[in-house]
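Notes for the structure review
So you can see what is in the structure, the chains are spelled out below.
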Amino acid sequence: MDDENEYFEWGVQGNNRFDERIEFFIEGINEHTIVERVGSDEVGGLKIFLSQGYLVEGFPDTSEDDEYSEFWRLFNRKEDSPHFVVTGNGIENE
């Protein structure tokens, strides 16, 4: 085992590579970054395409496909706009 990592504490915020990279990402996003489009695939994966070339991807950690399963729900800030919902049964607009 590498002696440098023997006492490494993963749970300390800012103490790992992910924390460093996500901080850089968040600093790069500003109020002019917008959602350009969203999409999903046949297994419930989600893609959020942002301006400035950013892409956020997510994958559900369950395989439930009943009427109550919901993997993702995206809201539009406009009043009375439909939600983009990805469930175990596919995409719904509510």
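The notes below deal with the structure included here. Only a predicted model underlies this, so the values are computations on that prediction, with no experimental measurement involved. All residue numbers refer to position in the chain's written sequence, counted from 1. Local features in this predicted model are restricted to residues of pLDDT 70 or higher, and side-chain atom pairs are both shown and tallied only at a pLDDT of 80 or more, whereas totals for entire chains, interfaces and linings draw on every residue. Working from all heavy atoms in the structure, the side-chain values ignore hydrogens and water.

1. Topic: the layout of surface pockets
Threshold: Cavity: a set of points on a 1 Å grid over the protein atoms alone where a 1.4 Å probe fits but cannot get out. Pocket: an open set with protein on both sides within 12 Å along at least five of seven lines, its lining residues, like those of a cavity, having an atom within 4 Å of a point. Grid points are joined across faces, edges and corners, and a volume is the space filled by probe spheres set on the points. The classification used treats Ala, Val, Leu, Ile, Met, Phe, Trp, Tyr, Cys and Pro as nonpolar, Asp, Glu, Lys and Arg as charged, and all other residues, Gly among them, as polar.
Space inside the largest pocket adds up to approximately 250 Å³. As for the largest pocket, its lining consists of V35, R37, V38, I48, L74, F75, N76, R77, P82, H83 and F84. Tallied by class, the residues present in the lining of the largest pocket amount to seven nonpolar, two polar and two charged.

2. Some words on the nonpolar core
In globular proteins that are soluble, nonpolar side chains generally tend to be buried together. For clarity, the cut-off: The set of buried Ala, Val, Leu, Ile, Met, Phe, Trp, Tyr and Cys residues whose side-chain atoms join them within 4.5 Å is what this entry labels a nonpolar core. Three labels apply to residues, based on accessible area from a 1.4 Å probe with only protein chains included: buried if under 20% of the type maximum, exposed if over 50%, partly exposed otherwise in between. Working definition: helices are DSSP H or I runs of at least four residues, strands are E runs of at least two. Numbering for both runs from the N terminus. By definition in these notes, contact holds between two residues if any of their heavy atoms fall within 4.5 Å.
Among the nonpolar cores identified, the biggest contains six residues, and these are L46, I48, L50, F71, F84 and V86. Those elements that provide at least two residues to this core are β2 (46-50) and β5 (84-87). Residue contributions to this core peak at three residues, all from β2. Once you skip the residues sitting within four places of it in the chain, I48 turns out to touch V35, R37, V38, Y54, L55, V56 and L74.

3. Comments concerning the sheet that holds strand β3 (residues 55-58)
One key point about sheets: their strands pair by backbone hydrogen bonds, in either a parallel or an antiparallel sense. Threshold: At least two DSSP bridges between two strands are required for those strands to pair. In this description, a line fitted to the C-alpha atoms serves as the axis of each element, helices being fitted only across the stretch in contact, and the angle between N-to-C directions of two axes falls anywhere from 0 to 180 degrees.
Reading across from one edge, β1-β2-β3 is the order of the three strands in this open sheet, with antiparallel pairing throughout. Across the chains shown, the open sheet's two edge strands, defined by having one partner strand only, are β1 (35-40) and β3. Ignoring strand direction, the axes of neighbouring strands in this sheet form an average angle of 10°. Judged from the five bridges that link them, β1 and β2 form a sheet pairing that is antiparallel. Looking across to β2, one finds that G39 is bridged to K47.

4. Looking at unusual backbone geometry
Glycine aside, a negative phi is what most residues show, and trans is what most peptide bonds show. One non-glycine residue with positive phi stands out, namely Q52, at about 65°. Tracing the chain through its elements places Q52 in the loop between β2 and β3. In this structure, D80 is a non-glycine residue whose phi angle is positive, near 60°. Along the chain, D80 falls in the loop between β4 (70-74) and β5. We classify D80 as exposed; its relative accessible area is 74%.

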